[in-house]
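One letter stands for each residue in the lines below.
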Amino acid sequence: MMKKIILLAVFLLGISASAQERKEPTVSISFENESLATALAQLKAKAGIQIFYPDSWIPEKQVSGNYQNTAISTVLEDLLDESLLNFYQLENGDVVLTRNSMIYSKLPEGFFGKLAGTSQNIPAENEEETVYSAPVLYENTTSSNQEVQTVRIGKENRRNNQSRFRLSGHAYDKKTGEPITNLAILVNDSRTGVSTDIDGYYEISLRPGINLIQTKSLTNENVTRRIIIYNDGTYDFQLAESLEQLGEVQISSNADKNVDNANTGEEEIDIENIKNIPLVLGERDIMKVATTLPGISTTGEGSAGFNVRGGKADQNLILLDDAVMYNPAHFFGIFSAINPFTTGEATIYKGNIPAKYGGRLSSVFDIQTKDAATDEFQGEASIGPVTSNLALQLPVVKEKSGLMIGGRSTYSDWILKNLDEPQLKNSTAFFYDGIAKYNHQINENNKLSLTGYMSKDRFSITSDSVYSYENRIATLHYEHRFNDRNRGELILTNSNYRFNIDYENNFRDNFNSGYQINETEVKLDMKHILSSKHQFDYGVSGKLYQIDPGFIEPIGEDSELLPVSLSREKGLESGIWVADDFKVNDQLLLSAGVRYSLFTALGPDTVRFYEEGNAKADNTVVSQEEYSNNEPIQTYSGPEFRLSGRYYLLPDLSLKASYNNTYQYIHTLSNNVTVSPTDTYRLSGYHIQPQRAQQYSLGLFKNFDNDEIETSIEGYYKTSENMLDFKTGANLFLNEFVETEVIQGQGKSYGVEFLLKKKAGDLNGWIGYTYSRSFLKLDGEFREERVNSGEYFPSNYDKPHDLSIVANYKLTQRFSFSANFIYQTGRPITYPVGQYSYDGSEYVLYSNRNQFRIPDYYRLDLSFNLEGNHKLQKLGHSFWNFSVYNVLGRNNPYSVYFVTKDGEIEGRQSSIFAVPVPTISYNFKF
């Protein structure tokens with residue numbers, strides 16, 4: 001039938017081309033909630049014309065309208081609106097319907113492109129020519145024994161002369177309905193393409209007409225689609241799971257992303273493959289893997305917190321489903337509080353931070369949990385010497401909603417008894433964490449998800465003190481797709497962190513002390529695709545901080561302590577942003593954004609004013625002012641520019657540069673060298689100004705061997721202002737007026753980062769090396785506010801050389817070996833350099849702050865992985881991990897301290913793991 005219609009159309013087209021032009025006939029007709037098929041039949045009878053089409057083309061839709069002496073073409077345009085049907089009107093008034101495409105009575109202007117020897121305008125060399133799609137109709141065909149399905153997107157419009165159209169959609173597992181992440185979608189047998197995000201969503205720009213689209217995946221079938229695109233539209237991939245056992249298959253999703261995108265300093269962690277990396281006590285740890293990447297380090301083994309490109313640990317924004325996690329560590333920093341079984345994606349921004357993120361100076365760790373499967377029950381479990389982990393995915397409404405729950409717990413006291421640290425040897429420790437996520441696909445355009453998380457640690461370093469701390473997080477995400485070009489997300493989060501200290505002995509000073517910070521944020525994040533050259537990201541956010549700075553309560557009737565409770569501290573931080581990814585041409589891509597942040601410190605609070613010309617101290621107070629609840633105390637604001645660009649020097653070699661400036665309105669109060677669970681946070685206010693930083697980055701990015709090997713070398717320079725530090729001998733515990741004990745100074749850091757990564761093959765892994773320096777300058781107006789005479793000195797986390805080697809070797813499909821080697825320069829430390837007597841007492845004379853260094857750190861870890869058989873018909877997949885942490889038994893110093901014995905000063909060092917630590921763990925996935 002369809003072939004006959006096409007032949008008839010071509011025949012009548014030839015007749016009409018030679019006929020004389022005449023006035024188009026009109027018709028008077030009305031429709032009231034008629035089906036489209038009925039309306040076409042009525043129009044056909046009323047106008048006395050023939051309308052040619054197959055019945056199967058007519059969609060189920062209702063139409064209404066009233067037309068008086070209206071041209072037949074106008075009536076048809078209204079009837080066929082919001083359908084895939086076009087029409088061609090012959091000279092005798094008859095009509096031929098076409099699907100998607102149009103019939104032209106003459107060739108469009110410029111159809112043949114450049115015409116040599118004519119007066120036709122010739123496009124400039126770099127100008128894209130418009131490609132017109134002829135009315136091509138394809139049936140399904142086969143090529144190389146594989147079916148190639150033809151899909152038509154949108155319908156042709158003679159008024160639309162765009163040179164590119166946008167295709168978007170999702171990829172789902174055909175059986176489970178679960179989104180397929182990191183699915184590579186390639187165009188026309190080339191490297192050009194995109195990959196799906198954590199929701200299985202993709203967007204790609206195509207030329208009008210015919211495009212061959214291929215999917216590449218290790219876990220799902222690979223398919224080819226012949227896409228004939230006439231306008232912007234959507235298409236979802238429903239892919240079956242690939243269960244066939246093959247030889248070596250190497251597929252990279254969005255393999256050239258490191259070369260292609262405009263971001264500097266962006267890293268993605270492969271969550272699935274971190275199971276092969278040997279880590280302490282066999283526990284998979286996303287954060288520890290992050291520290292093997294260039295530019296990210298810690299102050300030492302067993303310490304919590306991270307230092308990114310010479311920044312303080314509190315300058316990192318760690319997000320779990322967009323909610324802030326204040327302490328992402330368990331067990332003195334030995335374990336991460338992020339469950340790898342429930343994590344879907346982890347992206348780190350340490351160079352160009354996107355405009356939608358704000359509030360920190362150094363980096364963003366954006367961690368997103370998985371969506372639960374909506375079709376069948378799934379799970380994963382592990383048993384190790386210290387912890388056990390279980391994660392389950394439970395369908396709630398088939399193919400629409402699911403619930404994921406995960407939990408970890410420890411039985412770790414035995415390991416403390418074997419450590420080479422006397423204090424830890426006599427300690428106890430316990431921790432757990434749990435997470436639950438519910439995701440519901442309401443319809444094609446709306447999705448809802450809710451996440452709840454809690455972690456708790458409890459440990460005792462001495463027999464009279466018990467420390468505990470906990471994180472609580474709740475998030476709500478509502479995603480809405482307005483149309484093919486616009487979508488948005490409404491995000492509501494709440495984060496809570498608290499710690500508590502119970503102290504009891506045989507004296508009269510027993511007490512209970514604690515601290516708490518709570519923040520609530522609402523954020524609207526919008527995305528708009530203007531064209532193939534411009535993609536906008538814009539939004540607004542508001543965050544309320546509530547801090548209970550601390551309390552102390554006496555325990556028992558005999559306690560001689562007085563209760564103390566500092567008043568609540570509050571602040572409101574807001575942000576508005578807009579960013580544009582602008583593709584200037586095939587070589588140059590720009591990412592330009594601006595964020596405007598605003599912070600207001602709120603009452604109730606008491607603000608003290610101090611004498612001019614004197615340092616801030618209790619004895620220099622001249623007056624004070626009381627602020628009522630929610631009364632503004634001090635406001636800070638400023639623009640934050642996020643600029644970066646990529647320029648292709650060669651197809652697989654790009655040059656990238658970026659500039660960022662950032663504001664941070666929250667500070668940690670700590671005089672510890674490393675991050676401590678008892679560190680407190682304070683907000684900017686009348687006397688404490690927000691931290692500010694500027695960073696410049698420049699790098700080269702190159703891929704080899706079909707993107708199997710990627711390399712990069714990137715340099716950066718960063719300056720900071722108003723970094724918070726402490727005066728010598730400062731007392732920060734339960735101090736209501738901390739401005740008398742702290743100093744705000746300047747910082748600078750610079751470095752070069754090198755990364756060589758092999759992503760596929762029997763031997764894979766990476767080598768990361770960083771040369772970096774980090775300095776502070778504390779030069780106040782008064783002598784007690786100066787450190788090292790007001791000159792720059794190395795920060796506590798200044799480590800010039802940092803080398804990490806991570807290697808995995810696949811011996812067979814079931815057996816593999818892995819190894820890590822870590823080397824770092826020892827961190828700075830302040831040494832005693834002498835003694836002196838004054839007024840009959842002996843005192844120790846110390847060097848300039850951070851003038852010396854502890855010994856260098858290095859460590860080698862090895863592991864062997866044994867996977868279960870690969871039979872298709874079995875309950876699940878399992879593997880054993882045998883690892884040895886610190887194979888060389890290196891006595892790496894955790895800390896260096898000094899004691900006075902018999903009038904002499906002696907230096908001593910303590911270590912966390914001074915001997916090899918073997919581990920066996922069992923993992924099962926079903």
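Reading guide: rules and limits
Residues numbered from 1 in each chain as written. Predicted model: local features only at pLDDT ≥ 70, side-chain atom pairs only at ≥ 80, totals over all residues. Heavy atoms only, no water. Buried < 20%, exposed > 50% of the residue type's maximum accessible area, 1.4 Å probe, protein only. Helix = DSSP H or I, 4+ residues; strand = E, 2+ residues; numbered from the N terminus. Arc of directions from axis to C-beta. Contact = heavy atoms within 4.5 Å. Phe/Tyr/Trp six-rings, centres within 6.5 Å; stacked < 30°, edge-to-face > 60°. Lys NZ or Arg CZ within 6 Å of the ring centre and 35° of its normal. Polar contact = N/O pair within 3.5 Å; in protein donor to acceptor, adjacent residues only side chain to side chain. Patch = residues over 30% accessible without salt bridge, like charges linked within 9 Å, V, L, I, M, F, W, Y side chains within 5 Å. Areas by Shrake-Rupley, 256 points an atom, 1.4 Å probe, with all protein chains shown as cover. Salt bridge = Lys/Arg side-chain N within 4 Å of Asp/Glu carboxyl O. Lys, Arg positive; Asp, Glu negative; His and termini not counted. Charge placed at Lys NZ, Arg CZ, Asp CG, Glu CD. Pairing = 2+ DSSP bridges. Axes fitted to C-alpha atoms, helices over the stretch in contact; angles between N-to-C directions. pLDDT = per-residue confidence, 0-100. Core = buried A, V, L, I, M, F, W, Y, C linked by side-chain atoms within 4.5 Å.

Side chains of residues three or four places apart in an α-helix project in the same direction, reflecting 3.6 residues per turn. Those residues of helix α3 (residues 72-79) that fall on the buried side of the exposure criterion are Ile 72, Ser 73, Val 75, Leu 76 and Leu 79. Considered in projection along α3, the buried side chains sweep an arc of 160° and stay on one side of the axis. Buried residues belonging to α3 abut β1 (26-35), α2 (36-47), β3 (62-71), β4 (85-89) and β5 (95-99).

Taken as a whole and assessed by the stated rule, the structure comprises 26 aromatic pairs. Aromatic side chains Tyr 235 and Phe 237 sit 5.1 Å apart centroid to centroid with 85° between the ring planes, which places their arrangement in the edge-to-face category. Here the aromatic residues Phe 815, Phe 817, Phe 864, Trp 880, Phe 882 and Tyr 922 are joined through ring pairs into a cluster of three or more. When the ring centre of Phe 737 is taken as origin, the NZ or CZ atom of Arg 608, which lies over that ring, is 3.9 Å away. Here Arg 849 stacks its cationic end above the ring of Phe 726, 4.9 Å away from the centre of that ring.

Here Asn 512 is to be found in strand β32 (residues 511-529). A polar atom in the side chain of Asn 512 sits 2.6 Å from the side chain of Asn 500. The contact partners of Asn 512, leaving out residues within four places of it in the chain, are Asn 500, Ile 501, Asp 502, Phe 551, Ile 552, Glu 553 and Ile 555.

Quick look at a negative patch on the surface now. A contiguous patch of negative charge, built from Glu 24, Glu 77, Asp 78, Asp 81 and Glu 82, is present on the exposed surface. Structurally, Asp 81 is set in the loop between α3 and β4.

This next bit is on the sheet that holds strand β20 (residues 323-324). With mixed pairing, five strands are arranged side by side in an open sheet as β16-β23-β24-β19-β20. Both edges of this open sheet fall to β16 (266-268) and β20, since each of them pairs with a single strand only. As defined by bridge partners, strand β23 (residues 343-349) adjoins strand β24 (residues 363-369) across six bridges and the pair is classed as antiparallel. Following the sheet pairing, Thr 343 is matched in β24 by Thr 369.

With that out of the way, let us pick up the sheet that holds β5. Taken in spatial order, the three strands line up as β2-β5-β4 in an open sheet, and their pairing is mixed. The open sheet has two edge strands, β2 (51-52) and β4, and neither has a second partner. On top of the sheet, α3 reaches β4 and β5; it is set at about 170° to β4, its chief contact.

Chain-level statistics for the chain give a pLDDT mean of 82 and a share of 84% at 70 or above. The secondary structure element of the chain with the lowest average pLDDT is strand β6 (residues 141-143), at 38, and the one with the highest is β20, at 96. In this model, residues 15-21 is a region of pLDDT below 50 whose contacts with residues beyond four sequence positions or in other chains number five contacts. Predicted confidence for residues 243-254 stays below pLDDT 50, and this span has 22 contacts to residues more than four positions away or in other chains.

Relative to strand β30 (residues 465-481), strand β29 (residues 446-460) runs antiparallel, the two sharing 14 bridges. Bridge pairing in β30 links Met 454 to Arg 472. In terms of strand pairing, β30 meets strand β31 (residues 486-503) through 17 bridges, oriented antiparallel. Along β31, the bridge assignment pairs His 477 with Ile 491.

Our focus in this paragraph is the nonpolar core. Residues Tyr 326, Val 364, Ile 517, Phe 599 and Ile 666 are the most contacted members of the largest nonpolar core, which totals 43 residues. Only β19 (316-320), β28 (428-443), β31, β32, β33 (534-554), β36 (588-602), β39 (632-650) and β42 (680-683) provide two or more residues apiece to this core. Per-element tally for this core: the top contributor is β31, with four residues. Not counting the four nearest positions on each side in its chain, Tyr 326 is found in contact with Arg 360, Asn 471, Tyr 497, Ile 517, Glu 519, Tyr 545, Ile 666 and Tyr 681. Grouped together as the second largest cluster of nonpolar side chains are 28 residues, Ile 277, Val 289, Leu 293 and Ile 367 included.

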